[in-house]
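# Geometric and topological summary
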Amino acid sequence: MSVLPLVFTSGWASGINAYAVVLLLGVFGATGLTDEVPASLQRTDVLVVAGVLFLCEVVADKIPYVDSVWDSVHTVIRPVAGAVVAALLAGESGSLPQLAAAAVGGSTALMSHLVKAGTRMAVNSSPEPFSNVAVSIAEDLGVAGVVTFAIFHPVVAAVIAGTLLLLGIVILAVLASRIRRYLRRRAQRREGKRLAGTGSHWPPD
């Protein structure tokens, strides 16, 4: 129960940027800022891989439409990462608390991922790229700030993460019409490409 607030916060953050969560927790543990981070997250190879993937996400997440493709690929990765990080934080391999922590971390990561992915679809419906970059930077700073705060004030950070998750769900509901337009336009582009490809194979008269 003592690590539940950190588990919840790490799950919420993993749904937005799982690599940043692994990197931040690993660095905090390796530098001795907290004893809650297990040694497996502090390993040099884990930190290097997380750092490289984090840089890839930083770039991909700021390019319109590429970010949505990236989100689609991570629909499974982020919840799994949230569950794994939560289980590691809970410790006691195979115990009921660890399984419960994995369930909390994974489900929370899935919800925040769906909010992030849906919001990006709505943002991508705008013709200019600046809103996309602004949202991405806000997400990066939010994850870094809340995870860092969770190390020192886990309960307050969990409340903040929960509030942001609920706020994101409300915003997503408001932006639902934009998301539907984005999906419709994407389907039309795919259909146009398919028809163009089919037409190019017509035999000459």
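Use the structure listed above.
Below you will find a few notes about this structure. (Residues numbered from 1 in each chain as written. Predicted model: local features only at pLDDT ≥ 70, side-chain atom pairs only at ≥ 80, totals over all residues. Heavy atoms only, no water.)

## With respect to the side chain of Lys116
Turning to its location among the elements, Lys116 is positioned in helix 4 (residues 96-124). Judged by relative accessible area, Lys116 falls into the buried class, the value being 2%. Filtering out sequence-adjacent residues up to four positions away, Lys116 remains in contact with Gly15, Ile16, Asp61, Asp71, Arg78 and Glu139. (Helix = DSSP H or I, 4+ residues; strand = E, 2+ residues; numbered from the N terminus. Buried < 20%, exposed > 50% of the residue type's maximum accessible area, 1.4 Å probe, protein only. Contact = heavy atoms within 4.5 Å.)

## A word on the packing of helix 5 (residues 130-152) against helix 6 (residues 154-174)
For the pair helix 5 and helix 6, interaxial distance at closest approach is 6 Å and the crossing angle is 150 degrees. Between helix 5 and helix 6, the angle is such that the two are roughly antiparallel. Counting all contacts with helix 5, which are made through Val146, Phe149, Ala150 and Phe152, the residues of helix 6 involved are Pro154, Val156, Ala157, Ile160, Ala161 and Leu164. For the contact of helix 5 with helix 6, the class distribution of residues is 10 nonpolar, no polar and no charged. (Axes fitted to C-alpha atoms, helices over the stretch in contact; angles between N-to-C directions. Parallel < 35°, antiparallel > 145°, perpendicular 65-115°, else oblique. Nonpolar A, V, L, I, M, F, W, Y, C, P; charged D, E, K, R; others polar.)

## Regarding the nonpolar core
Counting residues in hydrophobic clusters, the biggest one holds 27 residues, and the most contacted among them are Val7, Trp12, Ala13, Val21, Leu25, Val143 and Val147. Elements supplying a minimum of two residues to this core: helix 1 (4-30), helix 3 (66-90), helix 4, helix 5 and helix 6. When residues of this core are assigned to their parent elements, the largest contribution, 10 residues, is made by helix 1. In this view, Val7 contacts Ala86, Leu89, Ala101, Val104 and Gly105; residues no more than four positions away in its chain are not counted. (Core = buried A, V, L, I, M, F, W, Y, C linked by side-chain atoms within 4.5 Å.)

## A short note on the side chain of Asn17
Summarising the element assignment, Asn17 is placed in helix 1. Among the polar contacts made by the side chain of Asn17, one reaches the main-chain amide nitrogen of Ala20 at a distance of 3.0 Å. Setting aside chain neighbours within four positions, we find Asn17 in contact with Phe54, Glu57 and Asp140. (Polar contact = N/O pair within 3.5 Å; in protein donor to acceptor, adjacent residues only side chain to side chain.)

Just geometry here; none of it tells us what the structure is for.
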